[in-house]
Amino acid sequence: MKTKLAVLASVAALSSGSLASAGEVEVLHWWTSGGEAASVNYLKEKLGEAGVSWTDFAVAGGGGENAMTVLKSRAISGNPPTAAQIKGPSIQEWGNLGFLASIDSVAKSNDWDNLLPGVVSEVMKYKGEYVAAPVNVHRVNWLWANPEVFRKAGATIPTTWDDFMVQAQKIKDAGMIALAHGGQAWQDATVFEAVVLGVGGPGYYRKAFVELDADAINSATTVKVFETFGKLRGFIDSNSPGRDWNVATSMVINGEAGMQIMGDWAKGEFKVAGKHVGTDFVCVASPGSSGSFTFNVDSFAFFSQSDAEKAKAQGVMAGEILGVDFQRVFNLNKGSIPARLGMARDEFDSCAHDSMDAFVSSSQTGGLVPSFAHGMAVSEAVSGAIYDTATNFFNSKTSAKEGAAQLVKAINAAR
Amino acid sequence: MKSALQQLLPKLVLAPTTLILVVCVYGFIGWTALLSFTKSRMMPQWDFIGLDQYIKLFDNPRWMVALENLGAFCFFFILICLLLGVVLAIFLDQKIRSEGALRTIYLYPMAVSFIVTGTAWKWILNPGLGIEKLIREIGFQSFEFRWLIDSEMAIYTIVIAAVWQSSGFVMAIFLAGLRGVDESLINAAEIDGAPHYKIYTRVVLPILRPVFFSAIVILLHIAIKSFDLVQSLTGGGPGYSSDMPANFMYTHAFNRAQMGLGAASAMVMLFGILAVIVPYLYSELREKNG
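Just so it is clear, the structure is predicted and the values come from calculations on it, not from any experiment.

Asks: How should I be thinking about the domain arrangement of chain A in this particular structure?
Replies: Size of an interface, as often reported, equals the accessible area lost when the parts are brought together. All names here are of chain A. As assigned here, chain A comprises domain 1 (23–137 + 296–352) and domain 2 (139–295 + 371–414). Domain 1 and domain 2 are separated by 29 Å when their C-alpha centres are compared. Each partner contributes residues to the interface: domain 1 has 18 residues there, and domain 2 has 21 residues. For the pairing of domain 1 and domain 2, the buried interface totals around 1,500 Å² over both sides, and the portion due to carbon and sulfur atoms is 60%. It is Pro89, Asn296 and Cys351 that lose the most area in domain 1 upon contact with domain 2, and together they represent 38% of the buried surface on that side. Where domain 1 packs against domain 2, one counts 2 salt bridges. In this structure, the connection of domain 1 to domain 2 is made through 4 residue pairs in polar contact (both at pLDDT 80 or more). Those elements giving two or more residues to the side of domain 1 that touches domain 2 turn out to be helix H4 (90–96), helix H7 (118–124) and helix H17 (350–365). If one sorts the elements of the side of domain 1 that touches domain 2 by residue count, H17 sits on top with 3 residues.

What follows is the structure in structure tokens.
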């Protein structure tokens, strides 16, 4: 009898102990590599200060495919995490399935509508209410160049795709690789996206690859896009298939190659190699896209919780994510720019400054478009179809006309 | 009392495995079949749309490439594995010295997973790192071997790696078969004055017919299931030129939120296997009964 009482007492003590903390969050993410992990840890610390404990639920695997598979099984079994790294139109898909929780009260009290640019807040809302919080904004349409290679080849940094072909030829003639590229579907799609934006302009980009307007996709512009994209086959080296993006970046870093088209996460590779912006490497908008901005916003979506305590912790986490401190530290680590507007910018480098300026200006001119190569513009099925067409075209001798026809067919089949 | 228990016991012991088998294999096959008739995208949902997913599937150029690749892969993989396996087995069967050591060497690739095989061959076949670079450094500057990065030929690099991995295993099957051949038949042929090679083509190999069948069935299911080797060796690339049905299925069902389409492709793969296994089982069982 005595032992029974003792057990009961200790159970009571345990449960009252857990009640004392201000709740906990379990967060699914795939930021497991060096700088990214450090960024997430900062959020964990900030939440700790606010009395919210953090259960890490990291699933490794770069693109987050493994993490999504785990998330689906957890959600189906009725036990979703508090928050998960979900972005773009997938937020709407999860919303449609009825899994997401509204964090609108936190958003209202912190005035998110004015802190966030319209295009970003639109993505974070499901049926007019905030269900996710953005952590950063990546610009995808960057051209990274090694000025030393250009000097040796007597070339200048191209600003249009026509000019690109001329300058790339000079680098090629000088015996170097013009375009560093990794032959993986998503990298092919990233370059394809830059070509679409540079050749067709943001208006065409939005009509054809965001709204999926049949006339825009099935137009002469699309054929022209494929012509330009096809010419790039001649400027990459033959060893590119299967190469990882950071290996391609290192080719630019050590002067084997002149240029790479890649999002601003490539900057981290230059930084780690001890290179300085302006002298050792140059960042400019990809050809023909100086006034445009293809954005890739990472965000955390919040899942409905039955436990009121957990729902409260969710609110705290949402508030912290949009906090000035977290946005600054996270984005300095990751190479992106804060999703929150009007922040102090002196700690960021000149590439990030360019990015911030372009972000604001393009949002006024209509040049701000979601990246389809990074799952921001269309559903996974459609972006998958675009991936397939782009990568198949780039790795074969298909003609531009045929490539355009295949794209039309693939998009129609996937929607 | 005791005899009742004795009668029940085998059933009791087998019941859990039977249950697991029924639910986890046949149950899920049925579930996948059902899913393939629905609109399911990210999660299973039960709006039935008939055969639409199958029509979509066979209208998809990537799927057709995957099917063609599977055909080419099955044919060359099985053919070369059988040839190499039979030849190696016959050579090893000549009562040579240190047969045990040689057998282990040929069998060893089996101990390595397809992921390791794929990664190693990726480096060996890469023009900038492997064979091409080696031969060029020896002095043959114009030597080219770039199947890995040629979208027409990439599928055959998978054949090379898979043959390297599996032919030793086929050898072992045939070696066991050869050991089972009645010595007196060979002796009789020798007395009749048959040349050595004819003993094999006319006497031994026909006896090994069932061994051929089991080898083909084993190789075929390795071929249809092949996923990890493709993933690690070419990643389906360049482009999707070396994609196989299993990779297509995984990509669409799990990465691209097209569960219905993925389920349909899984069903087509299942029927592909059934089309081979059922006639085989039928002929085997008929022989036993007859």
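Structure shown, so let's carry the discussion forward.
Asks: Would you mind going over the sheet that holds strand S8 (residues 142–145) of chain A with me for this structure?
Replies: Pairing between the strands of a sheet is mediated by backbone hydrogen bonds and can be parallel or antiparallel. Residue and element names in this part refer to chain A. Ordered in space as S9-S10-S8-S11, the 4 strands form an open sheet in which the pairing is mixed. Two strands close off the open sheet at either side, each with one partner strand: strand S9 (177–179) and strand S11 (282–285). Taking each pair of neighbouring strands and ignoring which way they run, the sheet shows an average axis angle of 20°. By the bridge criterion, 3 bridges tie S8 to strand S10 (residues 257–261) in an arrangement that is antiparallel. Following the sheet pairing, Leu143 is matched in S10 by Ile261. Strands S8, S9 and S10 of the sheet are contacted by helix H9 (residues 161–173), whose axis makes an angle of about 150° with S10.

Asks: What is the right way to read the interface of chain A and chain B from this model?
Replies: Across the contact, 27 residues belong to chain A and 23 residues belong to chain B. When chain A packs against chain B, close to 2,200 Å² is buried across both sides, 53% of that on carbon and sulfur atoms. When residues of chain A are sorted by the area they lose upon contact with chain B, Lys72(A), Asn239(A) and Asp388(A) head the list and together hold 22% of the total. Joining chain A to chain B, the criterion identifies 3 salt bridges. For the salt bridge of Arg62(B) with Asp388(A), the shortest nitrogen-to-oxygen distance reads 2.6 Å. Scanning the region where chain A abuts chain B turns up 10 residue pairs in polar contact (both at pLDDT 80 or more). Within the residue set of the side of chain A that touches chain B, elements represented by two or more residues are helix H3 (65–76), H4, helix H18 (380–394) and helix H19 (400–414) of chain A. With 8 residues, H18(A) is the largest single contributor of residues to the side of chain A that touches chain B. The residue makeup of the side of chain A that touches chain B, split by class, is 11 nonpolar, 9 polar and 7 charged.

What counts, and where the lines are drawn
Residues numbered from 1 in each chain as written. Chains lettered and ligands numbered in written order. Predicted model: local features only at pLDDT ≥ 70, side-chain atom pairs only at ≥ 80, totals over all residues. Heavy atoms only, no water. Domains from an automatic or database assignment. Contact = heavy atoms within 4.5 Å. Buried area = accessible area lost by both parts, 1.4 Å probe. Salt bridge = Lys/Arg side-chain N within 4 Å of Asp/Glu carboxyl O. Polar contact = N/O pair within 3.5 Å; in protein donor to acceptor, adjacent residues only side chain to side chain. Helix = DSSP H or I, 4+ residues; strand = E, 2+ residues; numbered from the N terminus. Pairing = 2+ DSSP bridges. Axes fitted to C-alpha atoms, helices over the stretch in contact; angles between N-to-C directions. Nonpolar A, V, L, I, M, F, W, Y, C, P; charged D, E, K, R; others polar.

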